[in-house]
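Each chain, written out:
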Amino acid sequence: METKTSDKTLFAMDLTAKMAVEQLALETNQPPEKVLLDFMKSNTAKMLYDDSTKLWWDGPSAVAEEFKNQKN
């Protein structure tokens with residue numbers, strides 16, 4: 001059975017994504033808008049917004065690392 005993700009959890013996921021994208025933009029010297037588009041198309045984003053993975057619990061740095069690992 002699929003459970004509905006709470007608004008607080010979605011907010012935490014969104015904030016984690018935002019912070020990870022900001023970190024990645026700084027590290028790669030790319031515009032945040034481009035990084036956001038790449039990120040949202042990635043498997044990392046799918047994992048982040050799948051509450052069963054609990055990726056958002058690990059924080060933005062872990063999400064940024066996961067994204068970099070998947071790109072390589």
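Because the structure is a prediction, the values reported are computed rather than measured. (Residues numbered from 1 in each chain as written. Predicted model: local features only at pLDDT ≥ 70, side-chain atom pairs only at ≥ 80, totals over all residues. Heavy atoms only, no water.)

Asker: Tell me about the overall build of the chain, and name the residues and values.
Answerer: Across its full length, the chain holds four helices and zero strands. For the chain, the succession of helices and strands along the chain, N to C, is α-α-α-α. Relative to the 2.2 N^0.38 estimate, which gives 11 Å for 72 residues, the radius of gyration of the chain is 12 Å and therefore close to what a compact globule would have. Scored against the burial criterion, the 72 residues of the chain give a buried share of 31%. (Helix = DSSP H or I, 4+ residues; strand = E, 2+ residues; numbered from the N terminus. Rg over C-alpha atoms; globule rule 2.2 N^0.38 Å. Buried < 20%, exposed > 50% of the residue type's maximum accessible area, 1.4 Å probe, protein only.)

Asker: Please provide a residue-by-residue account of the side chain of Ser42, values included.
Answerer: With respect to the helices and strands, the residue Ser42 is situated in the loop between α2 (32-40) and α3 (43-48). A polar atom in the side chain of Ser42 sits 3.2 Å from the backbone nitrogen of Ala45. (Polar contact = N/O pair within 3.5 Å; in protein donor to acceptor, adjacent residues only side chain to side chain.)

Asker: Can you explain a nonpolar patch on the surface? Please cite residues and give values.
Answerer: Nonpolar side chains collect at one region of the surface, where Phe11, Leu15 and Met19 lie side by side and expose about 290 Å² of accessible area between them. Topologically, Phe11 is positioned in helix α1 (residues 7-28). (Patch = residues over 30% accessible without salt bridge, like charges linked within 9 Å, V, L, I, M, F, W, Y side chains within 5 Å. Areas by Shrake-Rupley, 256 points an atom, 1.4 Å probe, with all protein chains shown as cover. Salt bridge = Lys/Arg side-chain N within 4 Å of Asp/Glu carboxyl O.)

Asker: Give a description of the environment of Asn43 that names residues and reports values.
Answerer: Looking at the element boundaries, Asn43 is found in helix α3. By relative accessible area, which is 49% here, Asn43 ends up partly exposed. Through-space distance from the C-alpha of Asn43 to that of Glu66 is 9.3 Å; in sequence the pair is 23 residues apart.

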